[in-house]
Every structure is written in C-alpha cells, then in structure tokens.
Amino acid sequence: MYCTRKVTDDLIWVGGDDRRLAMFEGVYSVPDGVSYNSYLLLDEKTVLFDTVDKAVDTVFFENVSHALDGRKLDYLVIHHMEPDHSATLGGILLRYPDVTVVCNKKTEGMIYQFFGEDFQMNVQIVKENDVLETGAHRLTFMMAPMVHWPEVMVTYDSAAKTLFSADAFGTFGALNGALFADEVDFFADYLSESRRYYTNIVGKYGAQVQALLKKAAAVEIDLLCPLHGFVWRRDIDKYVEKYQQWSLYEPEVSGVMIAYASVYGNTENAANILACKLRDKGIRTTMFDVSVTASSEIVAAAFEYSHLVFASTTYNAGIFITMDKLLRDLASHNLQNRTVAFIENGSWAATSGRQMKEIIGGLKNMTVLEEGVTLKSALRRSQMEELDRLADAIAGTM
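Positions within a chain are numbered from 1, following the residues in the order the chain's sequence is written. For a predicted model such as this one, the threshold for reporting local features is a pLDDT of at least 70, and the threshold for listing and counting side-chain atom pairs is 80 or more; totals across whole chains, interfaces and linings nevertheless cover every residue. Computation of side-chain values: all heavy atoms of the structure, hydrogens and water removed.

S.K.: Explain empty space enclosed by the protein to me, please; I cannot follow it from the model alone.
M.R.: A probe as big as a water molecule, rolled over the atoms, marks out the empty space that is left. A pocket here means an open set of points on a 1 Å grid, computed over the protein atoms alone, that has protein on both sides within 12 Å along at least five of seven lines. A cavity is instead a set of points where a 1.4 Å probe fits but cannot get out; residues with an atom within 4 Å of a point line either one. Grid points are joined across faces, edges and corners, and a volume is the space filled by probe spheres set on the points. As enumerated under the stated definition, the model contains one cavity of 30 Å³ or more in all. In this structure, the largest cavity spans a volume of roughly 30 Å³. Lining the largest cavity we find T8, D10, L11, L41, H137, D157, A160, T162 and F164. Here the residues of the lining of the largest cavity sort into four nonpolar, three polar and two charged. Side-chain classes are defined by residue name, with Ala, Val, Leu, Ile, Met, Phe, Trp, Tyr, Cys and Pro counting as nonpolar, Asp, Glu, Lys and Arg as charged, and the others, Gly among them, as polar.

S.K.: How do you make sense of the sheet that holds strand 12 (residues 131-133) when you look at a structure like this?
M.R.: Whenever strands of a sheet pair, they do so through backbone hydrogen bonds, lying parallel or antiparallel. Strand order in this open sheet of five strands is 12-13-14-15-16, and the pairing throughout is mixed. Edge strands, defined here as strands with exactly one partner in the open sheet, are strand 12 and strand 16 (223-225). Direction aside, the axes of adjacent strands within the sheet are offset by 20 degrees on average. In this analysis, strands are considered paired if DSSP registers two or more bridges between them. Helix and strand definitions here come from DSSP, where helices need a minimum of 4 consecutive H or I residues and strands a minimum of 2 consecutive E residues; each element is numbered from the N-terminal end. By the bridge criterion, five bridges tie strand 13 (residues 138-143) to strand 14 (residues 153-157) in an arrangement that is antiparallel. Note on method: axes are straight lines fitted to C-alpha atoms, helices fitted across the in-contact stretch only, with angles between N-to-C directions ranging 0 to 180 degrees.

S.K.: Could you clarify how one ought to interpret the sheet that holds strand 2 (residues 11-13) in this entry?
M.R.: Pairing in this open sheet of seven strands is mixed, and the strands run 1-2-7-8-9-10-11 from one edge to the other. At either end of the open sheet lies a strand with only one pairing partner, and these are strand 1 (5-8) and strand 11 (122-125). With strand direction ignored, the average angle separating the axes of adjacent strands in the sheet is 25 degrees. Bridge count between strand 7 (residues 39-42) and strand 8 (residues 46-49): four bridges; the pairing is antiparallel. The residue of strand 8 that forms the bridge with Y39 is F49. Only heavy atoms matter for contacts: two residues are in contact if any of them lie within 4.5 Å across the pair. The sheet contacts of helix 1 (residues 57-68) involve strand 2, strand 7 and strand 8, and relative to strand 7 the element is tilted by about 10 degrees. Most of the contacts of helix 4 (residues 105-115) go to strand 10 (residues 100-103), to which it runs at about 125 degrees, and overall it touches strand 10 and strand 11.

S.K.: Explanation requested: a nonpolar patch on the surface in the structure shown.
M.R.: Each patch is built from residues that are more than 30% exposed by relative accessible area and take part in no salt bridge. Like charges join if they lie within 9 Å; nonpolar side chains (Val, Leu, Ile, Met, Phe, Trp, Tyr) join within 5 Å. The accessible surface values rely on the Shrake-Rupley method and a 1.4 Å probe; as for residues, cover is taken only from the protein chains in view. Counted as salt bridges are all cases of a side-chain nitrogen of Lys or Arg within 4 Å of a carboxyl oxygen of Asp or Glu. A grouping of V263, Y264, Y315 and I321 is seen on the molecular surface, where their side chains present a nonpolar patch of about 470 Å² in accessible area. Among the structural elements, I321 can be located in helix 11 (residues 321-332). We classify I321 as exposed; its relative accessible area is 54%. Residue burial is assigned from relative accessible area. The probe radius is 1.4 Å, only protein chains are included, and a residue is buried under 20% of its type maximum, exposed over 50%, and partly exposed in between.

S.K.: What is the right way to read the packing of helix 6 (residues 191-202) against helix 8 (residues 236-247) from this model?
M.R.: Angle between the axes and distance between the axes: these two values describe a pair of packed helices. At a minimum axis separation of 11 Å, helix 6 and helix 8 run at an interaxial angle of 40 degrees. The angle between helix 6 and helix 8 falls in the class oblique. The crossing of helix 6 and helix 8 is right-handed. For the pair formed by helix 6 and helix 8, the contact residues are L191, S194, R195 and Y198 on the first element and Y239, K242, Y243, W246 and S247 on the second. Oblique is the label for every angle not falling under 35 degrees (roughly parallel), over 145 degrees (roughly antiparallel), or within 65 to 115 degrees (roughly perpendicular). Should the near helix be turned counterclockwise from the far one by less than a right angle, the crossing is left-handed, whereas a clockwise turn marks it as right-handed.

S.K.: Which parts of the structure should I look at to understand the layout of surface pockets?
M.R.: One number sums up the size of the largest pocket: a volume of about 340 Å³. Lining the largest pocket are 18 residues, and of these T313, T314, G346, S347 and W348 lie nearest its centre. The set of elements that each furnish at least two residues to the lining of the largest pocket consists of helix 9 (266-280) and strand 19 (305-315). Sorting elements by how many residues they give to the lining of the largest pocket places strand 19 first, with three residues. For the lining of the largest pocket, the class distribution of residues is six nonpolar, twelve polar and no charged.

Now the structure itself:
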C-alpha cells in the first residue's frame, strides 16, 4: 500500500524509510534508519526526481503509481547515480517505458556501467543552466561535481523556488511519518546526525560544497529537497549556515575533543585527568574511547570542536590499531583549521606520539602544540605538572 506526502499541491514525496539497514554504505551505523527521498512533480508534464534504494522498492513503485493516478510519466531526472538513489531505475523503465531520462553526460555513462551496455532508455542530456519547461514549472540544472560523486547535479525550480539538492543537505535517520524539518525539533534531535552524515559522506569535498553553496546563494530558495532526510521550508538559512561552517572546516564549538586508545586504562587515566583540568578552566570537553565509539562519531566531533587531543598507547612499535584508523580517517576527510595536542604511552618505546603527529600535522592549517605528555606504562605523580602545562597551552590558544 502506498505511503506518500504532499510537499506542495503539485509536488509529492514518493520515497521510503529503511529501518533495517545496519550500516549505511557498509561503513556508517544508522541506528535510526535512513530515508530515500524521491519526488514527483504533477505539472502539464510529470517529472520524477530520482528513484530509491532497492530496499524500499515495493512501496516506492506503489507510491509513484498512486501519485500519478493513471497519468503517464514524462521525465525522470537523475541527480546522483549512487545505487541508493538509482537501483530502481530499471524498475521505473519497465513500468513506464516511454519516460525520458534527464541526466548529464557523466551520469549517462554511469547508467551503462551499472545496468549494462545494452540498457535501453530514452535519454535527454543536459548541461549547466539548461532548462526544462514542464508547464507551470521551469527547471534549471546546475552541476555539482564531487558533492560527493563526479556526476552529481542539482535542479532549481524557479516557479516554486525549490532546490532539489541531491545528497547535499541530507541527514541520517528515517522520517517516521514527518516530512518537513519543522515537524520535528531538528536542531535539538537531528543536527548531530546531519553533521555525522555531512562530515563522513561529503566532508572531504569542502571546496566543491562551497562552489555549490555559491550557486545556491544566487537563487531564492523556499523549499530545499534533499535525497536523505527532511524537506526544508523554514529556517533554511540557519541550516545552510551549518554547511558553510562544515565546508570551510570552521569549528562550531570552542572546546576540546579528547580521543584516546588505552589497553589497560593508563592512557585513559591521563586523558581523564587532562579533561578535569580543562573543565576546571571552564573549557568544554568531550571524550571518546576509539576502541568503543565508531569512527564516524569521532570524525563528526572533530569537525565540531576547535581543539583536539589524541592519546594513544604504542602498539607493535606503532599507533594503537583503532587510533591509527581514526587518524587516517580524519586525514582522508581533509580536516583543517584545528589546534592539536598528543599524549603517548609506551612501556619500552613510546613512538606513537611522533607517528600521530606525522598523520595529523600534515593536514592544512593545523596548529600542533609543542606541549605533550609521554607516559612510560603509567602516569607518574611528577608528570601532573606536564598535564598542567598542556592544559595551560590549550587554554592559551582559545
């Protein structure tokens, strides 16, 4: 049975929620599920904006059929060819063989990559600022390469002042009956999942997101329709400002994120003492055990906080396994503009600090504090002054 919602009188949400997915892209946990958004425009010509993942194909096809109510489907616009938005493309063409697929040249090539060289479709190739008139609506296509795949584009409907933004402005989490961000307390309950979505999925491509934001700033937007998460009709500027911060790698919080890897609790103890000393100075802190907390959560926090401390035991003459993974994950996401300090531990050879610095210190505009702490198995009373100096150094840069 169908499950649709009206975005406007002639724009219908025909997507679906997936609450059984454990790991988005096989990497990122989604305990609250995820939505796959698709939108159907009922103008003189009908337009379907994207399809969905195969996990929700049954309800999707029922939604499209119900919303069309016997009308033909004229156009299918593909903004992004990742399979969570295109896996049901073949099913749509089987049901509506006369539909015209609207996409750019790079997308066309990917369609054949995914579906085979013999895949049959009517295709209309578009490029930057090409326009599709559907009756009362005028659709303009804008390219958004590497947000976060090279073929990505977005669509601006000048009549309804709507931006169909592909994976930009998305968030993890099923919609649970809500469609609009103002139907929930988004900034209290969902911003953290939006940040985790952005930083892990798109975070590497800040420059490309900035290019898209400049294009979006040139048009008036009353509706923002992403491929995951809520539709925005209020407080759009407030949400876009978050994308400005994230894509410029500007911290949201003046505070310290401490991530530690500790085998027997001694490195953790030093990290805890540092956190207490920072709190005594009125500095906000958050802490993560990298062997317990998923990397995606810590990556998001690293984008959020202004100062980062990494504390790791030495393991097999290197960085502890989970810490090494985290640091390389942060580097691959192009983190910038942070102040960083390190605590290392080693019972016979403490080398993790130097190696951590090599990974993080090479990132753009990272201030690495000279003050640090080296443990030999456990923190000594005489080293409390070293932690004091580290806390003072951090406070002095805030």
